[in-house]
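Chain residues, written in single-letter form:
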Amino acid sequence: MSGAVRLLRFPMMLAASALGFVGIVFGLMVLFLHLCKLESFGTAYFAPVAPFRWQDLKDSVVRMPIWKLNKRPLDAHPVKERQQSLSRTWKKRE
Amino acid sequence: MSNPEKKITRFQLFIMTLQSQIGIGVISLPYYLFNAAGNDAWISVIVAGIFVQINIVLIWLLYRRFPNQSIFEVLEITVGKYAAYCLKTAYSMYFFTIATLIVLLFVRLVNIWILPRTPMWLVTLIMIAVCVYGVIDHLRVMARFFFLASMMLFVLLFLIVTVAKDINFLAVLPIGNSGIPAILGGAHHAVISFLGYEVLLVILSKSLGGHAGKIKAALLANGIVTLFYTLLTFVSLAYLGPAVMRFVPEPVLYIMKYRTFHIIERTDLLFFSIWIVCVGTSFMTFLYLTANALTSLLPQIRRPTFVYVIASLLFMLSFFFPTDENKVALFNKIATYLSYLFTIVLPGILLFIAMARGKSGDDPV
């Protein structure tokens, strides 16, 4: 991603020098619109944020405790929403 | 349409309504309202907000009768093919008018406030090009972007709240001083800032979830917009006072200009830049609505084609944008009356006809 950021810097600089703050805002708008358009295998690029889903943020920026992670995030289109039983707890009697 | 559009979630419906409504009004709303309603301008905002809530309920009632059809398909079912043809044309003209108004007000303000020597058509071209890029894809892309843009509202809110410690409550004090007719007149002027909830005419049928959930999302969005505008009007009124308010057409920017932080000298430019994103989202909505109306008119042409056509038409119009204050005010007035016709009167009539003729969403076109 550092290569992409390095290259994106130049159109941004052009926009900023031509139109100032307005240019930066328009440049960022184009960039974010493009990122919103990206989809890989049916999952949005900005997945837990831009089609916003509060429950799926548990694993994206800050990792929640492991007992919070029992459900899989929906952006990966899981077949089963619940995860397999956790290996890190005491085995419960069924 | 060849491929059916993907639906948006209920939260995205909420965000789209919110972002479509907050936009062009943020900067100049307090000024126009003050001229109409004096120091009771903030009450006018609340009145206008309640009025819009009622309007949203009306749109929802129409939607509940036709859960799978947007307004354009409803037109075909209720009034027949030929009348629907005329009304669809009228709707597309209306949406186009509002889109033009948004761009006009935006470009005018950029011209006055930031880039006085840049030609207006250049700023228009950039704005239109950026927004076209967002609209040519499907609705979900817009909804995703609108969510990211709504993060910016927190910054706007923060900037407004920071000046709150300097306000003078005495400036608003004889509450109800200007009388009920003036307050209602102010509400009439405020309607133009609330425009954007027309998007519900189309996207209510394009979102997931139950009927009750959708009305809740829409009403909540409009409630937040009302609160935001009320806060804005109240703060600028109480900060500047009635003596100054009469002379500043952009009160919010003037407040920001004299509010400096340690590392930000011109807060007004920061505010303005963030506001551009909000205007962009409103403009995208109306571009989308216009293209949608035209697509329902001529189904054999794809929507992106229409977006390009509308955008180039708008760009050509930008060479004839009036800079005269009176002409802009006249345009504002026309747009307000048109919005009454197209968001209250026509859906109301359609609902009445549908009930009288016993038509509902299950009937064939």
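Heads up: these notes are all about the structure in this document.

What counts as what
- Residues numbered from 1 in each chain as written.
- Chains lettered and ligands numbered in written order.
- Predicted model: local features only at pLDDT ≥ 70, side-chain atom pairs only at ≥ 80, totals over all residues.
- Heavy atoms only, no water.
- Salt bridge = Lys/Arg side-chain N within 4 Å of Asp/Glu carboxyl O.
- Buried < 20%, exposed > 50% of the residue type's maximum accessible area, 1.4 Å probe, protein only.
- Helix = DSSP H or I, 4+ residues; strand = E, 2+ residues; numbered from the N terminus.
- Polar contact = N/O pair within 3.5 Å; in protein donor to acceptor, adjacent residues only side chain to side chain.
- Contact = heavy atoms within 4.5 Å.
- Core = buried A, V, L, I, M, F, W, Y, C linked by side-chain atoms within 4.5 Å.
- Buried area = accessible area lost by both parts, 1.4 Å probe.
- Nonpolar A, V, L, I, M, F, W, Y, C, P; charged D, E, K, R; others polar.
- Axes fitted to C-alpha atoms, helices over the stretch in contact; angles between N-to-C directions.
- Parallel < 35°, antiparallel > 145°, perpendicular 65-115°, else oblique.
- Left-handed = near helix turned anticlockwise from the far one by under 90°.
- Expected span 1.5 Å × (residues − 1).
- Bend = angle between axes of the 7 residues up to and from the residue.

A word on the pattern of salt bridges. Throughout the structure, instances matching the rule amount to eight salt bridges over all chains. Between A:Arg53 and A:Asp56 there is a salt bridge whose closest N-O contact spans 3.1 Å. Of the residues examined, A:Asp56 reaches a relative accessible area of 5% and is grouped as buried. For the salt bridge of B:Glu325 with B:Arg108, the shortest nitrogen-to-oxygen distance reads 3.1 Å. Within this pair, whereas B:Glu325 is found in helix H15 (residues 325-357), its partner B:Arg108 is found in helix H5 (residues 81-113), the two being separated by 217 residues in sequence. We classify B:Glu325 as partly exposed; its relative accessible area is 41%. A relative accessible area of 12% places B:Arg108 in the buried class.

Time to look at the side chain of B:Arg108. A polar atom in the side chain of B:Arg108 sits 3.1 Å from the side chain of B:Glu325. Sequence-distant contacts of B:Arg108, defined by excluding residues within four places in its chain, comprise B:Met120, B:Pro322, B:Thr323, B:Glu325 and B:Val328.

So, on to the environment of A:Pro48. All names here are of chain A. Within the element layout of this structure, Pro48 appears in the segment after strand E2 (43-44). Along the sequence, Pro48 and Asp75 sit 27 residues apart, while their C-alpha atoms lie 6.9 Å from each other. Ignoring sequence-local partners within four residues, the contact set of Pro48 consists of Arg53, Asp56, Leu57, Ser60 and Asp75.

Moving on, we get to the nonpolar core. By size, the foremost hydrophobic cluster in this structure holds 147 residues, and its most contacted members are B:Tyr91, B:Phe106, B:Tyr229, B:Phe271, B:Trp275, B:Phe283 and B:Leu287. The residues touching B:Leu287, leaving out its near neighbours within four places in the chain, are B:Cys131, B:Val132, B:Val135, B:Val307, B:Ile310 and B:Leu314.

Moving on to the interface of chain A and chain B. Taken residue by residue, the interface counts 20 residues in chain A and 27 residues in chain B. Interface area for chain A against chain B, summed over the two sides, is near 2,300 Å², with a carbon-plus-sulfur share of 79%. For chain A, the biggest contributors to the area lost against chain B are A:Phe26, A:Leu33 and A:Lys37; these three give 29% of the whole. Counting across the interface, chain A meets chain B through two salt bridges. Residues B:Asp137 and A:Lys37 are paired through a salt bridge, measuring 3.9 Å at the closest nitrogen-oxygen approach. Counting the contacts that link chain A with chain B gives four residue pairs in polar contact (both at pLDDT 80 or more). Considering each element in turn, the side of chain A that touches chain B owes the most residues, 11 residues, to helix H2 (residues 21-37) of chain A. Tallied by class, the residues present in the side of chain A that touches chain B amount to 17 nonpolar, one polar and two charged.

All names here are of chain B. Orientation of H5 relative to helix H6 (residues 120-135), taken along the N-to-C sense of each, is 125 degrees, at an axis distance of 10 Å. In terms of their interaxial angle, H5 and H6 are classed as oblique. Here H5 and H6 pass one another in a crossing that is right-handed. Residue-level contacts link Val103, Phe106, Val107, Arg108, Val110 and Asn111 of H5 to Met120, Val123, Thr124 and Met127 of H6. Across the contact of H5 with H6, the residue classes break down as seven nonpolar, two polar and one charged.

All names here are of chain B. With 33 residues, H15 should cover 48 Å at 1.5 Å per step; its first-to-last C-alpha distance of 47 Å lies within 8% of that length. The largest bend in H15 amounts to roughly 30 degrees and is located at Val345, with the proline Pro347 lying one to four residues further along. Just downstream of H15 lies Gly358, where phi reads positive at about 70 degrees.

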